[in-house]
Amino acid sequence: IILNDRSMAPRFDLDTIVIIDPDNMNLEDLMDKYVLAYLAQEDFIVFRQLNLIKKGKLLIPTNNNLYKETLLQEKDIILGICKEARWSI
């Protein structure tokens, strides 16, 4: 995918190419990793860091000044984990 926002800047800025692996879906392997997730209520796909909290799974943007953390709901789907990123120079 190509990132179309600055939610993960400065780590992953606008137009960063992110390679997603849909096969490695073990929950323990996903914690604190960068994931692609489908948010069912918003009908929207986001790229965020996944963290486990007492309330459940939390998607965290790096740029938290402009974007908010999101608690995954039952119908939300983790589509894959970031395996590689390519930045334009």
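As the structure is a prediction and not an experimental result, all values here were calculated from the model.

Details of the nonpolar core
- L30, M31, V35, A37, L39, V46, L50, L59, L72, I78 and I81 form the largest nonpolar core, which has eleven residues in total.
- Of all the secondary structure elements, the ones that give two or more residues to this core are strand 2 (34–39), strand 3 (44–53) and strand 6 (77–86).
- No other element matches the three residues that strand 2 contributes to this core.
- With residues up to four places along the chain from it excluded, the contact list for V35 reads L30, V46, F47, R48, L50, L59, I78, G80 and I81.
- Counting residues in hydrophobic clusters, the runner-up holds nine residues, among them M8, L36, F47 and C82.

A short note on the sheet that holds strand 6
- Here we have six strands laid out as an open sheet, ordered 1-6-2-3-4-5, and antiparallel in their pairing. Each end of this open sheet is capped by a strand with a single partner; those strands are strand 1 (17–21) and strand 5 (70–71).
- In this structure, strand 1 lies alongside strand 6, joined through five bridges in antiparallel fashion. The residue of strand 6 that forms the bridge with I17 is R86.

Points about the pairing of strand 3
- Of the pairings in the sheet, the one linking strand 2 to strand 3 comprises six bridges and is antiparallel in character. When the bridges of strand 3 are listed, Y38 appears paired with I45.
- Between strand 2 and strand 3, which pair antiparallel and follow one another directly, the connecting turn spans four residues, one of which, D43, has a positive phi of 50 degrees.
- Between strand 3 and strand 4 (residues 56–60), which pair antiparallel one after the other, the connecting turn spans two residues.

Here we look at the environment of I81
- On the secondary structure map, I81 appears in strand 6.
- Along the backbone, I81 and N65 are 16 residues apart, and their C-alpha atoms lie at a distance of 24 Å.

Regarding the pattern of salt bridges
- Scanning the model with the defined rule gives two salt bridges in all.
- Note that R86 and E84 form a salt bridge whose closest N and O atoms lie 2.8 Å from each other.
- Residue R86 is classed as partly exposed on the basis of its relative accessible area of 44%.

Cut-offs applied
Residues numbered from 1 in each chain as written. Predicted model: local features only at pLDDT ≥ 70, side-chain atom pairs only at ≥ 80, totals over all residues. Heavy atoms only, no water. Core = buried A, V, L, I, M, F, W, Y, C linked by side-chain atoms within 4.5 Å. Buried < 20%, exposed > 50% of the residue type's maximum accessible area, 1.4 Å probe, protein only. Helix = DSSP H or I, 4+ residues; strand = E, 2+ residues; numbered from the N terminus. Contact = heavy atoms within 4.5 Å. Pairing = 2+ DSSP bridges. Salt bridge = Lys/Arg side-chain N within 4 Å of Asp/Glu carboxyl O.

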